[in-house]
Amino acid sequence: DTAVSQTPKYLVTQMGNDKSIKCEQNLGHDTMYWYKQDSKKFLKIMFSYNNKELIINETVPNRFSPKSPDKAHLNLHINSLELGDSAVYFCASSSLTGFSVAFFGQGTRLTVV
Amino acid sequence: DAKTTQPNSMESNEEEPVHLPCNHSTISGTDYIHWYRQLPSQGPEYVIHGLTSNVNNRMASLAIAEDRKSSTLILHRATLRDAAVYYCILRRTNAGGTSYGKLTFGQGTILTVHP
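Before going into details, it helps to say that this report is about the structure given with it. (Residues numbered from 1 in each chain as written. Chains lettered and ligands numbered in written order. Predicted model: local features only at pLDDT ≥ 70, side-chain atom pairs only at ≥ 80, totals over all residues. Heavy atoms only, no water.)

Glancing now at the overall build of chain B. Broken down by element type, chain B carries 0 helices and 9 strands. Along chain B, from the amino end to the carboxyl end, the secondary structure elements read β-β-β-β-β-β-β-β-β. Across its three principal axes, chain B shows a C-alpha extent of roughly 45 × 30 × 25 Å. Of all 115 residues assigned to chain B, the portion counted as buried reaches 44%. The long-range share in chain B, meaning contacts at least 24 apart out of those at least 6 apart in sequence, stands at 59%. Entry remark: accessible area of chain B is about 5,800 Å², with carbon and sulfur atoms responsible for 48%. If you average the places of the 10 positive and of the 10 negative side-chain charges in chain B, the two averages end up 9 Å apart. (Helix = DSSP H or I, 4+ residues; strand = E, 2+ residues; numbered from the N terminus. Buried < 20%, exposed > 50% of the residue type's maximum accessible area, 1.4 Å probe, protein only. Contact = heavy atoms within 4.5 Å. Areas by Shrake-Rupley, 256 points an atom, 1.4 Å probe, with all protein chains shown as cover. Lys, Arg positive; Asp, Glu negative; His and termini not counted. Charge placed at Lys NZ, Arg CZ, Asp CG, Glu CD.)

See below:
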């Protein structure tokens, strides 16, 4: 079983479209994250949810809206996609109680054309 | 978040040990030293972590300087599968403060392993 799974793995779409990326973790963690890796390979956190509540919201355009229906799922919806949104998006999970490493998904490569 | 500094790239031959350095001169007392690596086309994966003492696990060893201002990740026998970007990250040990367990990635060290 995959610990952190993201769908889709690849996403090619036109500018202006709205798209969603889904993430699920089966590790029983209480916290999930979205990271973005740009073309220069820098990984940067975007959002984090703890038990369905938003706890980290970095400087991200409000076209990006995370949604956590339960603590095992964290989805990322992007409105009005722009060329600069092209990147690899990684979902991760960990626990904030005690020590816990972060587990990452395989990533979703988003290409906006 | 306290910053870490790593060499941009390193090279090794297969079956030889690799020592990946990391400087973190502004580390605070509550920061653990974490190492993650990212294999090509994959998400980052945890390698090892430590606070003050040297640590060993099945993947690697972590040597931490006495003043904690630097550390070294040691791969005892590099294999081709170890070719990856290695990230040295400082992370708060618990949920206290505003870090909420997030990882602040630097540019990492690209490790190339030659057959």
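From this point on, the discussion continues.
Summed over the entire model, instances satisfying the criterion amount to 2 disulfides over all chains. Each sulfur in the disulfide pair A:Cys23 and A:Cys91 lies 1.9 Å from the other. Judged by the torsion about the S-S bond (-80°), the A:Cys23/A:Cys91 disulfide is left-handed. Of this pair, A:Cys23 sits in strand β3 (residues 19-25) while A:Cys91 sits in strand β9 (residues 87-94), and the two are 68 residues apart along the sequence. Accessibility classification places A:Cys23 together with A:Cys91 in one group, the buried group. Two residues, B:Cys22 and B:Cys88, share a disulfide whose sulfurs are 2.1 Å apart. Here B:Cys22 and B:Cys88 share a disulfide; its torsion about the S-S bond, -85°, makes the bridge left-handed. (Disulfide = S-S within 2.5 Å.)

Right, let's get into the interface of chain A and chain B. Put simply, an interface is often sized by how much accessible area is lost when its parts join up. The interface of chain A with chain B comprises 21 residues on the first partner and 21 residues on the second. Taken together, the connections running from chain A to chain B amount to 1 salt bridge. When the shortest N-O distance is used, the salt bridge between A:Glu58 and B:Lys102 registers 3.3 Å. Linking chain A to chain B there are 5 residue pairs in polar contact (both at pLDDT 80 or more). Those elements that place two or more of their residues in the side of chain A that touches chain B are β4 (31-37), β5 (43-50), β6 (53-57) and β9 of chain A. Here the side of chain A that touches chain B gets 3 residues from one element, more than from any other, and that element is β4(A). Its residues assigned to classes, the side of chain A that touches chain B shows 13 nonpolar, 6 polar and 2 charged. (Salt bridge = Lys/Arg side-chain N within 4 Å of Asp/Glu carboxyl O. Polar contact = N/O pair within 3.5 Å; in protein donor to acceptor, adjacent residues only side chain to side chain. Nonpolar A, V, L, I, M, F, W, Y, C, P; charged D, E, K, R; others polar.)

Residues and elements named next belong to chain A. The tally for this structure, following the rule as stated, stands at 6 salt bridges over all chains. Between Glu-82 and Arg-63 there is a salt bridge, and its shortest N-O distance comes to 3.5 Å. Taken together, the residues span a long stretch of sequence, with Glu-82 in the loop between β8 (73-78) and β9 and Arg-63 in the loop between β6 and β7 (64-70) at a distance of 19 residues. Since its relative accessible area comes to 13%, Arg-63 is described here as buried.

Following the criterion strictly, the structure yields 8 aromatic pairs over all chains and no others. Judged by centre distance (6.1 Å) and plane angle (40°), the rings of A:Tyr33 and A:Tyr35 are tilted. Classification of A:Tyr33 as buried rests on a relative accessible area of 1%. Consider the rings of A:Tyr35 and B:Phe105, whose centres lie 5.8 Å apart with planes at 90°: the pair is edge-to-face. With A:Tyr35 in strand β4 and B:Phe105 in the loop between β8 (84-92) and β9 (109-114), this pair bridges two chains. Assigned by exposure class, A:Tyr35 and B:Phe105 land together as buried. Taken together through their ring pairs, the aromatic side chains of A:Tyr33, A:Tyr35, A:Phe104, B:Tyr36, B:Tyr46, B:Tyr87 and B:Phe105 make up a single cluster. (Phe/Tyr/Trp six-rings, centres within 6.5 Å; stacked < 30°, edge-to-face > 60°.)

Our next topic: the environment of A:Lys40. Residues and elements named next belong to chain A. One can find Lys-40 in the loop between β4 and β5. In this structure Lys-40 comes out as exposed when scored by relative accessible area, which is 66%. Considering only alpha carbons, one finds Lys-40 and Ala-87, 47 residues apart in sequence, at a separation of 9.6 Å.

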